[in-house]
Amino acid sequence: MNNREISNPLDLKQIQVTDAFWHREQELVRTQVLPYQWDALNDKVEGAAPSYCMRNFKVAGRMMREKKDKGAAYVAPSYTFRGFEALPEDPAHPDEDKFYGFVFQDTDFSKWIEAVGYSLLQHPDPALEKTADEAIDIVCAAQLENGYLDTYYIINGMDRAFTNLRDHHELYCLGHLVEGAVAYYQATGKDKLLCAAERFADYCCQVFGPEPGQHKGYPGHEIAEMALVRLFEEDNQGKYLNLAKFFLEQRGTRPYYFEQEEQERAAYDGQPYKKTTNNAYHQAHLPVREQSEAVGHAVRAMYLYSGMADVARLCEDEAMEAACDRLWDNVTREKMYVTGGVGATHMGEAFSFNYDLPNDTAYSETCAAIGLVFWARRMLQLKPRSKYGDVMELALYNTVLAGMALDGKSFFYVNPLDVVPEACHKDGRKGHVKTLRQKWFGCACCPPNIARLVSSVAAYAYTESDTGAAPRLSGEDSSRAEDSASHKPDAKNGDTLWIHLYMGSVLTKEVWVSDKLQEKKTLDVKVESQLPWEGQVKVSLRGDGVPCKLAFRVPGWSSGMKVSYRCGGAAGEAAVTEEGLAAEANLEGQTDKAGGQTAVSYRDGYLYIDGTWQDDDEVILEMEIPVRILEADPRVREDMGKVAIARGPIVYCLEEADNGKDLHMCRVDLQTLRLSDIRTETTEELGHPMTVLKVPGKRLIPEESGELYRSAKPAREEDVTLRMIPYYAWNNRGEGEMSVWVRR
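Note that residues are indexed from 1 along each chain, following the sequence as it is written. Predicted model: local features are reported for residues with pLDDT of at least 70 only, side-chain atom pairs are reported and counted for 80 or more only, and whole-chain, interface and lining totals are derived from all residues. To obtain the side-chain values, all non-hydrogen atoms of the structure were used and water was disregarded.

### Observations concerning the nonpolar core
At step 1: We call a set of buried residues a nonpolar core when its members are Ala, Val, Leu, Ile, Met, Phe, Trp, Tyr or Cys and they connect through side-chain atoms within 4.5 Å of each other. Only protein chains enter the calculation, and the probe is 1.4 Å; a residue is then buried if its accessible area is under 20% of its type maximum, exposed if over 50%, and partly exposed in between. Judged by nonpolar contacts, the single largest core of 244 residues is most densely connected at Phe109, Trp112 and Val619.
At step 2: No other element matches the 13 residues that helix α12 (residues 298-315) contributes to this core.
At step 3: The contacts of Trp112, once residues within four sequence positions are left out, are Leu34, Gln37, Trp38, Leu41, Leu128, Thr131, Ala132, Ala135 and Pro448. Strands are runs of DSSP state E lasting at least 2 residues, helices are runs of H or I lasting at least 4, and numbering of each runs from the N terminus. A contact between two residues is defined here by any heavy atoms of the two lying within 4.5 Å.

### What to know about the pairing of strand β9 (residues 520-529)
The side chains of a regular strand alternate, residue by residue, between the two faces of the sheet.
At step 1: Strand pairing is assigned whenever DSSP detects at least two bridges linking the two strands. Both strand β8 (residues 505-512) and β9 contribute to a ladder of eight bridges, which runs antiparallel. Bridge pairing links Trp512 to Lys520 in β9.

### Structural notes on the pairing of β8
At step 1: Sheet analysis places strand β2 (residues 15-17) next to β8, joined by three bridges and oriented antiparallel. The partner of Gln16 across the bridge, within β8, is Val506.

### Focus: helix α2 (residues 53-70)
At step 1: With 18 residues, α2 ought to run about 26 Å at 1.5 Å a step, and its terminal C-alpha atoms sit 26 Å apart, in line with that.
At step 2: Looking only at α2, the buried set comprises Cys53, Met54, Arg55, Asn56, Phe57, Val59, Ala60, Gly61, Met63 and Met64.
At step 3: Turning to α2, the residues buried within the fold contact α1 (20-41), α3 (107-122), α4 (126-140) and α5 (151-156).
At step 4: The first or second residue beyond α2 is Gly71, which carries a positive phi of 60 degrees. A helix is expected to span 1.5 Å for every residue after the first.

### Focus: the pattern of salt bridges
At step 1: Salt bridge, as used here, is a side-chain nitrogen of Lys or Arg placed within 4 Å of a carboxyl oxygen of Asp or Glu. For the structure on display, the rule yields 59 salt bridges.
At step 2: Its salt-bridge partner being Lys509, residue Glu464 comes within 2.7 Å of it at the nearest N-O pair. In this pair, Glu464 sits in strand β6 (residues 462-465) while Lys509 sits in strand β8, placing the two residues 45 residues apart along the sequence.
At step 3: Residue classification places Lys509 among the buried residues on the basis of a relative accessible area of 0%.
At step 4: With its nearest N and O atoms 3.6 Å apart, the salt bridge here joins Glu703 to Arg716. Highlighted residues: Glu703 in the loop between β23 (690-700) and β24 (717-726) and Arg716 in the loop between β23 and β24, separated in sequence by 13 residues.

### Focus on a positive patch on the surface
At step 1: Where like charges cluster on the molecular surface, the positive patch consists of Lys44, Lys58, Arg62 and Arg65.
At step 2: Among the secondary structure elements, Arg62 is positioned in helix α2. A patch is a set of surface residues, each over 30% in relative accessible area and not in a salt bridge, joined within 9 Å for like charges and within 5 Å for the nonpolar side chains Val, Leu, Ile, Met, Phe, Trp and Tyr. All accessible-area figures derive from a Shrake-Rupley calculation using a 1.4 Å probe, and residue coverage is judged against the displayed protein chains alone. We treat Lys and Arg as the positive residues and Asp and Glu as the negative residues; His and chain ends play no part in the count. For the purpose of locating charges, the reference atoms are NZ of Lys, CZ of Arg, CG of Asp and CD of Glu.

### Re the packing of aromatic side chains
What characterises a pair of aromatic rings is the spacing of the ring centres plus the angle enclosed by the ring planes.
At step 1: For Phe, Tyr and Trp, where Trp contributes only its six-membered ring, two rings pair if their centres lie within 6.5 Å, and the inter-plane angle classes them as stacked under 30 degrees, edge-to-face over 60, or tilted in between. Tallied over the entire structure, the rule returns 33 aromatic pairs.
At step 2: Measuring from centroid to centroid gives 5.3 Å for Phe102 and Phe104, while their planes differ by 15 degrees, and the two rings are stacked. Each of the two residues, Phe102 as well as Phe104, counts as buried.
At step 3: Each ring, one from Tyr148 and one from Phe162, has its centre 5.6 Å from the other, and the planes form 80 degrees; the classification is edge-to-face. Here Phe162 lies in the loop between α5 and α6 (165-168) and Tyr148 lies in the loop between α4 and α5, a separation of 14 residues in the sequence.
At step 4: Judged by relative accessible area, Phe162 falls into the buried class, the value being 4%.
At step 5: In this structure an aromatic cluster arises from ring pairing among Tyr148, Phe162, Phe200, Tyr203, Phe208, Phe246 and Phe247.
At step 6: Sitting over the ring of Tyr268, Arg160 keeps its end group 3.7 Å from the ring centre.
At step 7: The ring of Tyr460 carries the charged tip of Arg377 above its face, separated from the ring centre by 4.8 Å. Two conditions define a charge located above a ring, namely a distance within 6 Å from the ring centre to NZ of Lys or CZ of Arg, and an angle within 35 degrees of the ring normal.

### Some remarks on the sheet that holds strand β14 (residues 580-581)
At step 1: Read from one edge of the open sheet, eight strands run β2-β8-β9-β10-β17-β12-β13-β14, paired in antiparallel fashion. Both edges of this open sheet fall to β2 and β14, since each of them pairs with a single strand only.
At step 2: Across six bridges, strand β10 (residues 536-542) lies against strand β17 (residues 617-623) in antiparallel orientation. Paired with Ser540 across the two strands is Glu618, which belongs to β17.

### Quick look at the packing of α3 against helix α7 (residues 170-188)
At step 1: Each axis is a line fitted through C-alpha atoms, and for a helix only the stretch in contact is used; angles between axes span 0 to 180 degrees, taken between their N-to-C directions. Contact pair α3 / α7: the axes reach a minimum separation of 8 Å and the direction vectors enclose 20 degrees. Accordingly, the angle class assigned to the pair α3 and α7 is roughly parallel. Relative to α7, α3 is oriented so that their crossing is left-handed. Residues Thr107, Ser110, Lys111, Ile113, Glu114, Val116, Gly117, Tyr118, Leu120 and Leu121 of α3 form the contact with α7, whose own contacting residues are Tyr172, Cys173, His176, Leu177, Glu179, Gly180, Ala183, Tyr184, Gln186, Ala187 and Thr188.
At step 2: Charged means Asp, Glu, Lys or Arg here, nonpolar means Ala, Val, Leu, Ile, Met, Phe, Trp, Tyr, Cys or Pro, and polar covers whatever is left, Gly included. Of the residues belonging to the contact of α3 with α7, the class tally is 11 nonpolar, seven polar and three charged. Should an angle lie under 35 degrees it is considered roughly parallel, over 145 roughly antiparallel, and from 65 to 115 roughly perpendicular; all remaining angles are considered oblique. Each crossing gets its handedness from the near helix: less than a right angle anticlockwise from the far helix is left-handed, clockwise is right-handed.

### Let's talk about the packing of helix α13 (residues 318-334) against helix α15 (residues 386-402)
At step 1: Closest axis-to-axis distance for the α13/α15 pair is 12 Å, and the angle between their directions is 45 degrees. The orientation of α13 with respect to α15, classified from their angle, is oblique. Judged by the twist between their axes, the crossing of α13 over α15 is left-handed. Facing α13, whose interface residues are Asp325, Trp328, Asp329 and Thr332, α15 presents Lys387, Tyr388 and Val391.
At step 2: Looking at the contact of α13 with α15 residue by residue, the classes come out as three nonpolar, one polar and three charged.

Here it is as structure tokens:
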């Protein structure tokens, strides 16, 4: 493992997103999505499935006050199982002392507060912060004295807590609570929720571990692993990283923990044991270092692999890193949709077998694509390879954004690539595919997940050299970490800023400049970008002789990149083609005005410019954004004889609103079609500036014989112009057919 390539996300406090595309999305989240979701968490959205989330916290809070008031006279409830999802018999009059919703309903709040934290970093909002503080008061009032905080068991009975890790998701609730608490603390400096999350994590550190008497289990729904790493990186207490690593190392070992606890539950209930556990579904069929194929629930898998990448990085675990590499190749080469979606089957929201990627029954959950983005960024932190950035960008611009309407008021849980509304309404096999976005979901993981990712998207655009701020694994605890000399980079190896996504931003980077690492200088960076529609990027720099290496991702969708730069006042040029750095590029660089050298290099899909930067320096990137006509591996049966069309990171689709019904009768003729024949057009018809494509095509003229089957004859076709819109923008003009893949 090359520690010089390890990187960390830039602190979001150092970045202001100015990008026309992403700033609009973030403002949409701030002004529409977060208030709407707060109403949903409080069951105030008419016509939407109730959340019961904040109601449950209030019920648990009342119980805690009653317990405090009564003292020894308080009688705690005895656990009663009321189902994976408990709903009131009379929705208009729920019982005041019962838990409602899914067992993991607490996470609705945790994801919302995480998005609030990120949003406040970009746009301070006193009213929103006040609402968040009041919500935090409600949540913290529900916490037990020992730190436990999951309203499902607090309300239903703590005597059976941690006895069904497979299904009841207490550790999943812990993970999201930690993520939300850290984000809010980093945004506001207020640590009330962070302290509550730490107390819950501390309690879990006592309950789980390798010592006698501790549980040897691990999460049924992963996220605690990556969340505990984040908590460790925030306060430098080694026990949290130790617990994350313990969960990973226990997973998939024999005897299988989920089977053990299932037997124990049967014995407790006086019932004969009947195995129902599918360990592969939970990614618990093999030790994680031995896994090579992505199986089971897709979202859980993405969160698991993200945690594995985190621990591999922090613990310098080469075997775990190798497993991440194998799993990455399996997902992206054999199990990923052209839109960056993952998880092909609605049966268990899971991965199917290799190359099984149906379009009309695709599950492709929004949260799974978000998880893929999480994992890709963590792989980039391990080693900067453009293939990770390419997939991260693909998932972001397509499946993630498709999960939310352009007005931010409705959402997709499932993201198919082919939709015929009649089939979705009448064919039970497609019942999971919705023909219109929904206001909310009882299992509302996707809407707040979109909000937290969009609000923090800058953390995926930039990473910087590992400064040691995330120490390696330690068996000892310490107080919340402060900066120290050990947190400084190796001066002789320099400091690097990687730009993985090109979004307009203003950011600052601090660089250690002296051999003894006692002095820092600030490099101010302004990125101006027209992506995803145009390929020009300008990076303006200001600094007082700041030595820093800038690394620019060369996207896989571009046929190359031309670069002109001024570094230290001296100008230079470089070019990257599909073969690599062009031979005529100025590799030796220029001697700047201070006598320093600027070096240009290229490796693993990144162009590096290493020099000493001063005021008015700049880097200008020019990338071609050609229209690409894509075909799938022939082993993907669903896509045989079809093509998909993309431009830059954007995948396009046909929609009934532009092309009429029966989209399956349309095709493009690759024998005659030239890429130059495909025209681009800028439109704001949906209230969102975008580039659409006009593609010469053909439409079948059906024979009206009245026969279901007839003798085959040459097809009659008419010439048409097919209008294609970005996939993320489909279904914003009402119900209608949609198709990504087009016959050829």
